Protein chains: 2
Amino acid sequence: MKNEQIVLVKRPEGMPGDDIFRFEDIDINTPGDNELLIESVYISVDPYMRGRMNDTKSYAKPFDIDEPLNGHVLGRVVESNAEAFKENDVVTGHLSWKKFNTVSADSVSKVASTEVPLHLYLSTLGMTGHTAYGGLLNIGKPQAGETVVVSAASGAVGSVVGQIAKIKGAKVVGIAGGREKVTYLTEELSFDAGVDYKADDFKEQFAAAVPDGVDVYFENVGGTVSDEVFKHLNRFARIPVCGAISSYNSKEDNGPRVQQQLIKSQALMQGFLVAQFEDEAEEASKQLAQWVQEGKIKSEVSIAEGFDKIPEAFRNLFTGGNFGKQIVKVSDSLD
Amino acid sequence: MKNEQIVLVKRPEGMPGDDIFRFEDIDINTPGDNELLIESVYISVDPYMRGRMNDTKSYAKPFDIDEPLNGHVLGRVVESNAEAFKENDVVTGHLSWKKFNTVSADSVSKVASTEVPLHLYLSTLGMTGHTAYGGLLNIGKPQAGETVVVSAASGAVGSVVGQIAKIKGAKVVGIAGGREKVTYLTEELSFDAGVDYKADDFKEQFAAAVPDGVDVYFENVGGTVSDEVFKHLNRFARIPVCGAISSYNSKEDNGPRVQQQLIKSQALMQGFLVAQFEDEAEEASKQLAQWVQEGKIKSEVSIAEGFDKIPEAFRNLFTGGNFGKQIVKVSDSLD
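Looking at an unreviewed UniProt entry, chain A carries the name Enoyl reductase (ER) domain-containing protein, with the source organism given as Jeotgalicoccus halotolerans.

Colleague: So what exactly am I meant to see when it comes to the relation of the copies chain A and chain B here?
Modeller: The relation between the two chain copies is a rotation about an axis coupled with a shift along that axis. Turning chain A through 180° and shifting it by 0.0 Å along the axis lays it on chain B, with an RMSD of 0.0 Å. Such a combination of rotation and displacement between the chain copies is what one expects of a two-fold axis. A share of 100% of interface residues in chain A that are also interface residues in chain B marks the association as one of identical surfaces.

Colleague: Please clarify how the domain arrangement of chain A should be interpreted in this entry.
Modeller: For an interface, size is often stated in terms of accessible area lost upon the parts coming together. Residues and elements named next belong to chain A. Its domain assignment divides chain A into domain 1 (3-123 + 300-329) and domain 2 (127-276). Taken over C-alpha atoms, the centre of domain 1 sits 28 Å from the centre of domain 2. Together domain 1 and domain 2 conceal approximately 1500 Å² of surface at their shared face, both sides included; 60% is due to carbon and sulfur atoms. There are 0 salt bridges connecting domain 1 and domain 2. On inspection of domain 1 and its partner domain 2, the count reaches 3 residue pairs in polar contact (both at pLDDT 80 or more). Secondary structure elements with two or more residues in the side of domain 1 that touches domain 2: α1 (48-53) and α9 (310-319).

Colleague: In this structure, what is going on with the environment of B:S246? I would like to understand it.
Modeller: All names here are of chain B. Its location among the elements puts S246 in the loop between β12 (233-241) and β13 (254-256). Here the alpha-carbon distance between S246 and F318, two residues 72 residues apart in the chain, equals 7.2 Å. Not counting the four nearest positions on each side in its chain, S246 is found in contact with V221, G222 and G223. Among the polar contacts listed, one links the side chain of S246 to the backbone oxygen of V221, at a separation of 2.7 Å.

Colleague: Before we go on, may I ask you to explain the pattern of salt bridges in this structure?
Modeller: Should their charged atoms come close, side chains of opposite charge can pair. Going through the model one piece at a time under the given rule, you end up with 44 salt bridges over all chains. For B:E24, the salt bridge identified is with B:R22, shortest N-O distance 2.9 Å. The exposure class of B:R22 is partly exposed, given its relative accessible area of 32%. Notably, a salt bridge pairs B:K296 with B:E294, separated by 3.2 Å at the nearest N-O pair. One network of salt bridges, in which partners are shared, links A:K2, A:E4, A:D25 and A:K99.

Colleague: How should I be thinking about helix α3 (residues 156-167) of chain A in this particular structure?
Modeller: Three or four residues apart is the spacing at which side chains of an α-helix point the same way, because the helix has 3.6 residues per turn. Residue and element names in this part refer to chain A. Here α3 spans 17 Å end to end across 12 residues, near enough to the 16 Å set by a 1.5 Å rise per residue. Of all 12 residues in α3, 10 are buried; the element is thus mostly enclosed. All buried positions along α3 are accounted for by A156, V157, G158, S159, V160, V161, G162, Q163, I164 and A165. As for α3, its buried residues are in contact with α2 (127-140), β8 (147-151), β9 (171-176), β11 (214-218), α8 (281-293) and β16 (325-329). Remark: G169 follows α3 within two positions and exhibits a positive phi of approximately 90°.

Colleague: Which parts of the structure should I look at to understand the packing of aromatic side chains?
Modeller: By convention here, two paired aromatic rings are described through the distance between centres and the angle between planes. Applying the stated criterion across every chain yields a total of 18 aromatic pairs over all chains. Relative to A:F318, the ring of A:F314 lies with its centre 5.3 Å away and its plane at 75°, an arrangement referred to as edge-to-face. Here the residue A:F314 and the residue A:F318 both occupy positions in helix α9, the gap between them amounting to 4 residues, near one helical turn. Given the relative accessible area of 16%, A:F318 is considered buried. Geometrically, the ring pair formed by B:F23 and B:F307 is edge-to-face, given 6.0 Å between the ring centres and 80° between the ring planes. Of this pair, B:F23 sits in strand β2 (residues 21-26) while B:F307 is found in the loop between β15 (301-305) and α9 (310-319), placing the two residues 284 residues apart along the sequence. If you follow A:R52 out to its NZ or CZ, it ends over the ring of A:F63, 4.2 Å from the centre.

Colleague: Would you take a moment to explain helix α4 (residues 179-187) of chain B for this structure?
Modeller: All names here are of chain B. Among the residues making up α4, those that are buried are K181, V182, Y184 and L185. An end-on view of α4 places all buried positions within 155° of arc, on one side of the element. Among the exposed residues of α4, those oriented more than 90 degrees off its buried face are R179, E180 and E187. Looking at the packing, one finds that the buried side of α4 touches β9 (171-176) and β10 (193-196).

Colleague: Just to check I follow, could you spell out unusual backbone geometry for this structure?
Modeller: Leaving glycine aside, a negative phi is the common case for residues, and trans is the common case for peptide bonds. All names here are of chain A. Residue D66 is not a glycine yet carries a positive backbone phi of 65°. When you line up the elements, D66 lands in the loop between α1 and β4 (70-80). A relative accessible area of 44% means that D66 is categorised as partly exposed. Of note, S190 is a non-glycine position whose phi angle comes to about 60°, a positive value. Note that S190 resides in the loop between α4 (179-187) and β10 (193-196).

Reading the values: the criteria
- Positions within a chain are numbered from 1, following the residues in the order the chain's sequence is written.
- Chain labels run from A onward and ligand labels from 1 onward, assigned in the order the entries are written.
- pLDDT decides what is reported in this predicted model: residues at 70 or higher carry local features, side-chain atom pairs at 80 or more are listed and counted, and totals for whole chains, interfaces and linings draw on all residues regardless.
- Each side-chain value is worked out from all heavy atoms of the structure, with water and hydrogens disregarded.
- C-alpha atoms of residues with pLDDT of at least 70 in both copies form the basis for the least-squares superposition of the copies.
- Note on contacts: a residue pair qualifies if any of its non-hydrogen atoms lie within 4.5 Å across the two residues.
- Domain delimitation follows an automatic or database domain assignment.
- A 1.4 Å probe defines the accessible area here, and the buried area is the portion of it lost by two parts on being joined, summed over both.
- The term salt bridge refers to a side-chain nitrogen of Lys or Arg lying within 4 Å of a carboxyl oxygen of Asp or Glu.
- Whenever a nitrogen or oxygen atom comes within 3.5 Å of another N or O atom, the pair is scored as a polar contact, on the condition that within protein one atom can donate a hydrogen and the other can accept it, and that pairs from neighbouring residues in sequence are kept only if both atoms are in side chains.
- In this text, helices come from DSSP runs of H or I with a minimum length of four residues, and strands from runs of E with a minimum of two, each type numbered from the N-terminal end.
- Categorising residues by exposure relies on relative accessible area from a 1.4 Å probe, with only protein chains included: less than 20% of the type maximum marks a residue as buried, more than 50% marks it as exposed, and the intermediate range marks it as partly exposed.
- One less than the number of residues in a helix, times 1.5 Å, gives the span that helix is expected to have.
- Geometry of aromatic contacts follows a simple scheme: Phe, Tyr and Trp rings, the Trp one being its six-membered ring, pair when their centres are within 6.5 Å, and the pair is stacked under 30 degrees between planes, edge-to-face over 60, tilted otherwise.
- Lysine NZ or arginine CZ positioned within 6 Å of the ring centre and within 35 degrees of the ring normal marks a charge as sitting over the ring.
- Arc, as used here, means the arc of the directions from the helix axis to the C-beta atoms.

This is the structure we're talking about:
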């Protein structure tokens, strides 16, 4: 067995090129007391990581230069020195981008069931599902009959947001890039409408899709797409602000200021992080698992294969190259 | 007695010039059943009226062309055909910009006391006081020890916001234009700091005034001043959005988008109108009157004299030419 890691060489400007990542051969550390040796099987790449590549004060500590990047990983226990774990247990946790991590047993959790596709623990049943659930229900508070708009709607968070809004009886309009994704929203996920932001007549298409205005806008993208959505806000509209992926690689992010629109519509806009809903995480997990089991929440996953594909898979998040949750499979050992 | 009114000639572009107002001599209508003839004594000019001059869908119906403008007025009953009112009663209500209005008795209310300066019923004890109270306490929710920033801080709403925040034990930083206003904030209103947005080193001054960041930002002005405040938001900051006066006369209102900042600080931004706090209006009235009586809320008023001064007084709101609440006195009959 051979270990490998990916470290951050320097802070990117704009889109992170291959030059900011370095692959390094490293040793496998033998686990000590209460430690586990874990083989990475699925590695999650997520938009918020772009923020951590910058050296700015934010909610998450910046990645350190010359240190391995890290994020959510699903892995297999190779060797356990902790009572609660045994070989071949399937675990998730926040781990380094290494083929093998040696960590304290307290830093990972066993998955609830191995009967579902395991990558779901990095998506619908993991951080992205919890993000959708927490932001939509605590801030968006969709009511039956209301119009809920979600951007990046075929993405890992957006697709779950739209499906939960449907379960709550709302009319759901998804915004995504390209015919294929838009068709997926209405045909596979039963959204009421899908609008292609890449279409020349996006503004007209969007206006036609929200004849009764927008009551909830789940914000994933920012930029000019959102500028357009803001024009259609209803009175007392709620806007959970989850992401602004169109802006993460830009130096300048200027557009119409929102103050006047917020006053006109007496609207609420709230930035959030999944961690703030920690108190209800257990309830969310149960509910999401039930909806998945009942077929009420479907999910799409883009799985890149190979540890060396991580940088490219990460960039896909910003180019729209992925479909649904982007994951990298780095080992066949749980197949 | 001679009646006169001011009508809207056309919709302004940018700052409303004299050409959009027309003064007209009109008749005094004799009050019918349950009607009152009211002489206007104080007329309130307020920033939100600029929005009503546009022909755009908003919370308040646009003013009609060739019809009199209207707003909050304090007046004296000249003739009453309603049981609940008698001559010389002092009333407030939403009335036309006329020297004499003949209206249903249901459309006005008697003031609670004539022992206080009457113009307070158009400011601290009226709409602007209720705006400050409702927005700050329901959305801003200042806690003792937190830093509350308010823009247009010497204005009718801002000065009350800052003083309520002080009562609640917060550290209060006011932003205003010019040394005189800034000095007023700290010397007369006991704000902890005042920052002059017209100063060359505004950014540095502001940063120095909020060493612990900003927990509540009561937004009155929008534009570049607010762009700067947003950079200092603390985690879980709250931003009641009351106005964006710097933008009301602009065609373009572009600046940094707020999404990324809201996520970073998990902050909440909410547009509001005083009407949404109607349920607590009685409680607010009592509390504000008590604070005024106790000397805990002081207020400054700029009183222009003469019905013909209304357009100029209105423009003062946008040029910073006024100090505190801007009112026009149009009759001496209550002196």
